[in-house]
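# Topology and contacts: notes
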Amino acid sequence: MNIAVLSLLVLMTIVMSLFEHRISNKNRWRLFFIVGLFFCFVFANRDIYLSRDTAEYYYIWNKADISDGFFTRIERFEGGYCFLNRIIQLLFGSFRMFLFFVSFIELEVAYFILRKASVTYSLNQIFPLSFLCLLMPYFGILYSAIAMRAGLAIAFVYLSVIFIKGKHYAKAIVSFLISFSFHQSSVFAIPLLAMEFVSFK
């Protein structure tokens, strides 16, 4: 990963967020999407051996064989991750594209959560660029560029919370199962999800 490019992108996002209140709501979301794509591109073009995790993902990518079946687990890796691995192999055949799509999926889930949260919590204004400023410098790098399976799992756990808030329980279950398919540690989020049904009034 080019740290200089990433730092410049974070700085530009911070500067844009300072004027976000002057931008129309529609254009804020457009900027969120465009800037988010730049972050995805930077993460996708990082050094494969930047971390032990990414190097291991690259090893699994090379070891995967589509003929084994889409849901066949590869070593200790969960079925959902292996399925995504094979889909990107089939469509693009590029590990860089796989890295891009992991970041892109997390970005899209974050976009959906923010939009739903604005309705669920009756928020008049959401500042998505400010959200990117808080997310990307640490959590974006950690979960989009290093601990990718955990990042995908966490994104879908939060999505489950939003669905529960909106009383879309079937969607919440599906979202949680997707989360579990990326990382089995998602089971530790069950108490968090259960708390959504508890009233403290």
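Everything below is about the structure printed above this text.
Residues numbered from 1 in each chain as written. Predicted model: local features only at pLDDT ≥ 70, side-chain atom pairs only at ≥ 80, totals over all residues. Heavy atoms only, no water.

## A closer look at the side chain of Ser 160
Formally: Per the convention used, a helix needs a DSSP run of H or I reaching at least four residues, while a strand needs a run of E reaching at least two, with both numbered from the N terminus. Summary of the burial criterion: residues with accessible area below 20% of their type's maximum are buried, those above 50% are exposed, and those between are partly exposed, where the area comes from a 1.4 Å probe applied to protein chains only. In what follows, a contact means two residues having at least one pair of non-hydrogen atoms within 4.5 Å.
Checked against the element boundaries, Ser 160 lands in helix H7 (residues 148–165). Overall, Ser 160 belongs to the buried group, its relative accessible area being 0%. Leaving out residues up to four positions away in the same chain, Ser 160 has contacts with Ala 172, Ser 175, Phe 176 and Leu 193.

## Structural notes on the environment of Ala 44
Mapped onto the elements of the fold, Ala 44 is located in helix H2 (residues 25–44). Residue Ala 44 is classed as buried on the basis of its relative accessible area of 4%. Between the C-alpha atoms of Ala 44 and Phe 98, which are 54 residues apart in sequence, the distance is 7.8 Å. Those residues in contact with Ala 44 that lie beyond four places of it in its chain are Arg 96, Leu 99 and Phe 100.

## Observations concerning the nonpolar core
For clarity, the cut-off: Nonpolar cores were defined as sets of buried Ala, Val, Leu, Ile, Met, Phe, Trp, Tyr and Cys residues, with membership established by side-chain atoms within 4.5 Å.
Residues Phe 39, Tyr 81 and Phe 98 are the most contacted members of the largest nonpolar core, which totals 51 residues. Elements represented by at least two residues in this core include exactly helix H1 (3–18), H2, helix H3 (52–63), helix H4 (79–91), helix H5 (95–120), helix H6 (128–145), H7 and helix H8 (169–182).

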